[in-house]
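For reference, the chains in residue letters:
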Amino acid sequence: MVLMMIEIKSLRKRYNDNCIALKEITCSIGAGVFGLLGENGAGKSTLLKILATVIEPTGGQVTVNRLDLYSDKAAIRNQLGYLPQEFGFYSRLTGFEMLEYFAVLKGLTNRQARKTQVNEAIEQVNLGAVKDRRISAYSYGMKQRLGIAQALLGNPQLLIMDEPTAGLDPVERNNIHNIISELGRSITIVYSTHILADIEACCSELAVLRQGSLVFTGKPNELAALATGMGWQIKDTASVKDGYMSLMEAAR
Amino acid sequence: MQCIYVTCVMKLITPKMDRREKNMLVLDSITKRFKKNTALNMISLSLPKGLHLLTGPNGAGKTTLLRIIAGIIAPTTGQVSLNGISLFSDSVRFKARIGYLPQKFGVYPEMTAQKFLRYFADLKGIPASVAAQKVEEVMDIAKITSFHNKTLRDWTKGMRQKVGIAQGLLNDPELLLMDEPLSGLDPQERYYFCNLFSQLSSERIVLLSTHIIEELAALADSIMLLDKNKLQFKGPIPRMMDTARGGVWLATLSEGEWNNKKTELIVSSLRDNNGLYEVRIISAVRPEITGVCSVEPTLEDTYIYLVSKDDSE
């Protein structure tokens, strides 16, 4: 097992001429679960897409285990799983068939090895009971888990997910938390969310983006600690929410 | 929980009509069948003024129920009334008193928010003399004033959601129905709107569906849990949490124990504890694990406890 170490230096992204999505992002992401918070339009999806090598940055550098994200794209994609914000499913296929199809695309050409991997991914997201049902019969939460299974094919060491819990009911959201916590013991996971309880449930580190800049990186309890003494009413102990709100208020 | 933003809301809240009459939404034995599927089975409830949450698994029928109350679809059987006004025999008067945000809210992309809201104000029959003023008010409350001259085409999903919330407030409704109003909103926006709904509910009935009950728990007067076509619980949140007492357990498992047990356990949280798994387990009976101890349920535990009753799927 290789531990992933992502180093981001002065990363910039500009769309068209006038829209600056990211300005001078510098941070490092190590092993474990890394959460990404921020307002709508702050640049979360842009950052995740760059890390997933889907779009190219305008400037700056990203290395993954010292490999350059762009010159060594293929080597990095080998170790990468990505779940975008809106993932398309082939609803006439069964869950198993769709994963098998994606596994072929990922270059798993050996039939037996592919089957083993697909079944492993299905087990990791607890879809064993419905793997032979058509995706059109899946609930929203099952589809989301299938999306994660797809990202797990090829045993990635780095898993990137854009709002994996959006729109999920509490049980499904909890399923995703459990999957993330379990996977996060062995691989690096980077994901974005609007739901602060997601951060408290699974993240070891997090970053907050605001208008294209990083305004916080650290541990959840360090973010929570920011709330202390900033005039926010605090119950027993400061929560991640308290910290987030005071950080954003101070950044105004 | 005090909110520093919400002071501007009070002017909207002042009721225009006399609401000393009994302010109550009453649902009587609502059943809805789609072909052979029963989506809702004998739902009865009465809601007074206040903030009420509707929650439940995806596909449980929350949206169907809200659409019935909003008069979009008819129930197979049952009655709905607001302050004694029947949705079915007096539907014009009923609908004039509600504001509704559907789950999928569409906007006309070529309009600005101001034009769009004015269009809705006209559709809702708000007199022209006050419509402009009303549009300004709701834009202010929904915090969209600063984008007023951008066409909605250029707005993000979260910003459009706020236009949808604003639209629901235009007619100063006695009943505000909102289907997942916080979806797509970022943490600050969620915080602001949670407090806004709470303030609005001091003068009217606010019924909203949500998947993230924790954010509204401290503000809500009651919660309804819809699952398997039925209301599995209705009442104050602390009482809901009482139902799970004695059904939540904490255990520390090794990697091997976890792998053996994980398919048979309902787990509400999983944490790493120095290489071991610290697991919160939902179970009506004591799980057969050494060292397991009973713990106080959280809101999330309670929800999982209630929806996992009788079947573990």
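Here's a quick rundown of the structure. Note that the coordinates shown come from a computational prediction; the quantities given were computed from them, not determined experimentally.

Residues and elements named next belong to chain B. Residues other than glycine seldom take positive phi values, yet M42 does so here, at roughly 50 degrees. Mapped onto the elements of the fold, M42 is located in strand β2 (residues 37-48). Residue classification places M42 among the exposed positions, given a relative accessible area of 52%. With a phi angle near 50 degrees, K228 is a residue other than glycine that sits in the positive phi range. Mapped onto the elements, K228 comes out in the loop between β9 (222-227) and β10 (230-235).

The next subject is the sheet that holds strand β9 (residues 205-210) of chain A. Residues and elements named next belong to chain A. Read across the sheet, 6 strands follow the order β6-β7-β8-β3-β9-β10 without closing on themselves; strand pairing throughout is mixed. Sheet topology places β6 (80-83) and β10 (213-218) at the edges, where each strand pairs with a single neighbour. When the angles between neighbouring strand axes are averaged without regard to direction, this sheet yields 15 degrees. By the bridge criterion, 5 bridges tie strand β7 (residues 158-162) to strand β8 (residues 188-192) in an arrangement that is parallel. Each residue of the ladder has a partner; that of I160, found in β8, is V190. Relative to the sheet, helix α5 (residues 140-152) contacts β6 and β7, its axis offset from that of β6 by approximately 160 degrees. In this fold helix α9 (residues 240-251) packs onto β3 (33-38), β9 and β10, with an angle of close to 30 degrees to the strand it touches most, β9.

This next bit is on the interface of chain A and chain B. Where the parts come together, the accessible area they lose is often given as the size of the interface. If you look at the interface, chain A gives 31 residues, while chain B gives 37 residues. Together, the buried faces of chain A and chain B total about 2,900 Å²; carbon and sulfur atoms form 51% of this surface. For the pair chain A and chain B, the number of links is 4 salt bridges. On the surface where chain A and chain B come into contact, there are 14 residue pairs in polar contact (both at pLDDT 80 or more). Mapped onto the side of chain A that touches chain B, the elements with two or more residues apiece are α5, α6 (170-183), α7 (196-202) and α9 of chain A. Split into classes, the residues belonging to the side of chain A that touches chain B amount to 12 nonpolar, 10 polar and 9 charged.

Here is what the cut-offs are and how they apply
- Residues numbered from 1 in each chain as written.
- Chains lettered and ligands numbered in written order.
- Predicted model: local features only at pLDDT ≥ 70, side-chain atom pairs only at ≥ 80, totals over all residues.
- Heavy atoms only, no water.
- Helix = DSSP H or I, 4+ residues; strand = E, 2+ residues; numbered from the N terminus.
- Buried < 20%, exposed > 50% of the residue type's maximum accessible area, 1.4 Å probe, protein only.
- Pairing = 2+ DSSP bridges.
- Axes fitted to C-alpha atoms, helices over the stretch in contact; angles between N-to-C directions.
- Contact = heavy atoms within 4.5 Å.
- Buried area = accessible area lost by both parts, 1.4 Å probe.
- Salt bridge = Lys/Arg side-chain N within 4 Å of Asp/Glu carboxyl O.
- Polar contact = N/O pair within 3.5 Å; in protein donor to acceptor, adjacent residues only side chain to side chain.
- Nonpolar A, V, L, I, M, F, W, Y, C, P; charged D, E, K, R; others polar.

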